[in-house]
Amino acid sequence: MAKILLVEDDQTMRTILKTLLEIEGHQVATLPDRKKPDEILPFINGDVPDIMLVDVHLQNQSFNGYELVKRLRAEGGPELSHVRVVMSSGMDVKELCIQSGADAFLMKPYMPDELIELLSDQ
Amino acid sequence: MNIRVAILTISDRSARGERADESGPALVKVVQQQGWQVAEVKIVSDDFEAIASVLRDWAGDNQTNTADIILTTGGTGFAPRDITPEATRSVIERDAPGLAEAMRSASLRVTPHAMLSRACAGIRARCLIINLPGSPKGAVENLWAVIDVLPHAVALLKESPTAEAGHQKLA
């Protein structure tokens, strides 16, 4: 079972995903709202996840999903280099996500099982 | 708007204490994290009158309901003891088929077994009753499929002045 960090600012989505992933046996943490860009990597380093699920559009943050993943890949160092990243969006922006450093992309709306199946491949 | 949610687990084995109820607590978690109030929680066996009695009690009438929404979990399948939809239909006054259709439609994206769900939804007085599957994962997944419309549904049932704004938001 994986240690997962949810970076998702839709409260409902966050609630349901966390509950379902915990039912599946995963350990789930969420990125608190209103983090400053410089606070992201120290936060992630505090409890390094196996997988990050990152929404592209983060209205409650001062950065978007692309910026977060680019920073993770560029400045994360060896401690964070093994973190797998799944990005999601309501628009088909798979190529942009992969270019930013994501390992996989999931188009919204998706069912939790689709995410769980994808996570099992990571 | 304060939304009061009652959660009824329907399972012979959980009612006898032979199996821990995981679905009820999973739904409680979702309801609490949504900022809604958990008004009641109970476990009953797959017994028609036991289920109907609790639903009547919680739904009450226009003045006495203890919940705005009742979520049931369990008893929606094809097994002979699965009678939750029948017990629910015996107490509801108005059908709300769109909710059950939306849940089945969402579930069909991941499993053809969704066709075997007999879950229903409906209204008694000012209370919305929704049947969910018995597994914790199924219950939470199905709730997810309809959760965004529930505040508006409750506003309409309460004849809240904010209901019109909800119309516009969902349009």
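Refer to the structure presented above.
Nothing here was measured: the structure is a model prediction, and the numbers come from that model.

**Q** Hey, could you run me through the environment of proline 37 of chain A in this one?
**A** Residue and element names in this part refer to chain A. Following the sequence through the fold, proline 37 ends up in helix α2 (residues 37-46). When the C-alpha atoms of proline 37 and glutamine 61 are compared, they prove to be 8.5 Å apart, with 24 residues separating the residues in sequence. In contact with proline 37, not counting residues within four places along its chain, are Ser62, Phe63 and Arg71.

**Q** Would you mind going over the interface of chain A and chain B with me for this structure?
**A** One widely used convention gives an interface's size as the accessible area the parts lose upon coming together. Taken together, the contacts link 18 residues of chain A with 16 residues of chain B. Both sides of the chain A and chain B interface together cover about 1,700 Å² of buried area, and 65% of this is carbon and sulfur. When residues of chain A are sorted by the area they lose upon contact with chain B, Thr12, Ile16 and Met111 of chain A head the list and together hold 34% of the total. At the junction of chain A with chain B, the criterion picks out two salt bridges. The salt bridge partner of glutamate 22 of chain A is lysine 29 of chain B, with a shortest N-O separation of 2.5 Å. There are four residue pairs in polar contact (both at pLDDT 80 or more) connecting chain A and chain B. Of all the secondary structure elements, the ones that give two or more residues to the side of chain A that touches chain B are α1 (11-23) and α6 (112-121) of chain A.

**Q** Is there a simple way to explain the side chain of serine 107 of chain B in this structure?
**A** Mapped onto the elements of the fold, serine 107 of chain B is located in helix α5 (residues 97-108). What serine 107 of chain B contacts, discounting residues up to four positions off in sequence, is Met111 of chain A together with Ala114 and Asn142 of chain B.

**Q** How should I be thinking about unusual backbone geometry in this particular structure?
**A** When glycine is set aside, most residues are seen to have a negative phi, and most peptide bonds are trans. Positive phi is not limited to glycine here, since arginine 34 of chain A has a value of about 60 degrees. Its location among the elements puts arginine 34 of chain A in the loop between β2 (27-30) and α2. For alanine 125 of chain B, which is not a glycine, the phi torsion comes out positive at approximately 55 degrees. Relative to the assigned elements, alanine 125 of chain B resides in the loop between β5 (121-124) and β6 (127-132).

**Q** Please clarify how a nonpolar patch on the surface should be interpreted in this entry.
**A** Side chains of Phe78, Leu108, Met115 and Leu116 of chain B sit close together on the surface and give an oily, nonpolar patch of about 430 Å² of accessible area. Structurally, leucine 108 of chain B is set in helix α5.

**Q** Please clarify how the pairing of strand β5 (residues 104-107) of chain A should be interpreted in this entry.
**A** Every other side chain in a regular strand lies on the same face of the sheet, so the side chains alternate between the two faces. All names here are of chain A. Relative to β5, strand β4 (residues 84-89) is paired through four bridges, and the arrangement is parallel. Residue pairing for β5: valine 86 is matched across the bridge by alanine 104. Crossover handedness for the path β4 to helix α5 (residues 94-100) to β5: right-handed.

**Q** Even after reading the chapter, I still don't get the pattern of salt bridges, so can you show me in this structure?
**A** Any two side chains of opposite charge can pair, given that their charged atoms come close. Under the counting rule described, the total for this entry stands at 18 salt bridges over all chains. The closest approach of N and O atoms between arginine 126 of chain B and glutamate 159 of chain B, which form a salt bridge, is 3.2 Å. Remark: glutamate 159 of chain B occurs in the loop between α7 (150-157) and α8 (163-170) and arginine 126 of chain B occurs in the loop between β5 and β6; sequence separation between them is 33 residues. For arginine 126 of chain B, a relative accessible area of 25% translates into the label partly exposed. Judged by relative accessible area, which is 62%, glutamate 159 of chain B ranks as exposed. Overlapping salt bridges bring together Glu8, Asp55 and Lys108 of chain A as one network.

**Q** Is there a simple way to think about the packing of α5 of chain B against helix α6 (residues 136-146) of chain B in this case?
**A** Between two packed helices, both the angle of their axes relative to each other and the distance between the axes serve to describe the pair. Residue and element names in this part refer to chain B. At a closest axis distance of 8 Å, the pairing of α5 and α6 adopts a crossing angle of 120 degrees. Considering the angle they form, α5 stands oblique to α6. Crossing of α5 against α6: the hand is right-handed. For the pair α5 and α6, contact is made by Leu99, Ala102, Met103, Ala106 and Ser107 and by Asn142, Ala145 and Val146, respectively. Residues that form the contact of α5 with α6 fall into these classes: six nonpolar, two polar and no charged.

About the cut-offs
- For every chain, the first residue of its written sequence is number 1, and the numbers climb from 1 along that sequence.
- Starting at A for chains and at 1 for ligands, labels are handed out in the order in which the entities are written.
- Per-residue local features are limited, in this predicted model, to residues with pLDDT of at least 70; the limit for side-chain atom pairs, both in listing and counting, is 80 or more; totals at the level of whole chains, interfaces and linings are taken over all residues.
- Side-chain metrics rest on all non-hydrogen atoms present in the structure, leaving aside hydrogens and water.
- Only runs of H or I of at least four residues qualify as helices and only runs of E of at least two qualify as strands under DSSP, and these elements are numbered from the N terminus.
- A contact between two residues is defined here by any heavy atoms of the two lying within 4.5 Å.
- Using a 1.4 Å probe, buried area is obtained as the accessible area two parts lose upon being combined, added over both of them.
- The term salt bridge refers to a side-chain nitrogen of Lys or Arg lying within 4 Å of a carboxyl oxygen of Asp or Glu.
- Here a polar contact means two N or O atoms within 3.5 Å. Within protein one must be a hydrogen donor candidate and the other an acceptor candidate, and residues neighboring in sequence count only if both atoms are side-chain atoms.
- Patch definition: residues with relative accessible area over 30% and no salt bridge; like charges joined within 9 Å; nonpolar side chains (Val, Leu, Ile, Met, Phe, Trp, Tyr) joined within 5 Å.
- Per-residue and other accessible areas were derived by the Shrake-Rupley procedure at a 1.4 Å probe size, with only the shown protein chains allowed to occlude residues.
- Note on pairing: two strands pair once DSSP finds at least 2 bridges between them.
- Look down the strands so they point away from you; if going from the first strand over the helix to the second traces a clockwise path, that crossover is right-handed.
- Relative accessibility decides the category of a residue: with a 1.4 Å probe and only protein chains considered, values under 20% of the type maximum give buried, values over 50% give exposed, and everything between is partly exposed.
- For helices, the fitted line uses only the C-alpha atoms of the stretch in contact; every axis is such a line through C-alpha atoms, and the angle between N-to-C directions lies from 0 to 180 degrees.
- We call two directions roughly parallel when the angle between them is under 35 degrees, roughly antiparallel when it is over 145, roughly perpendicular when it lies between 65 and 115, and oblique otherwise.
- Two helices that cross are described as forming a left-handed crossing if the nearer one is turned anticlockwise from the farther one by less than a right angle, and a right-handed crossing if clockwise.
- Gly counts as polar in this scheme, as do all residues outside two lists: the nonpolar Ala, Val, Leu, Ile, Met, Phe, Trp, Tyr, Cys and Pro, and the charged Asp, Glu, Lys and Arg.

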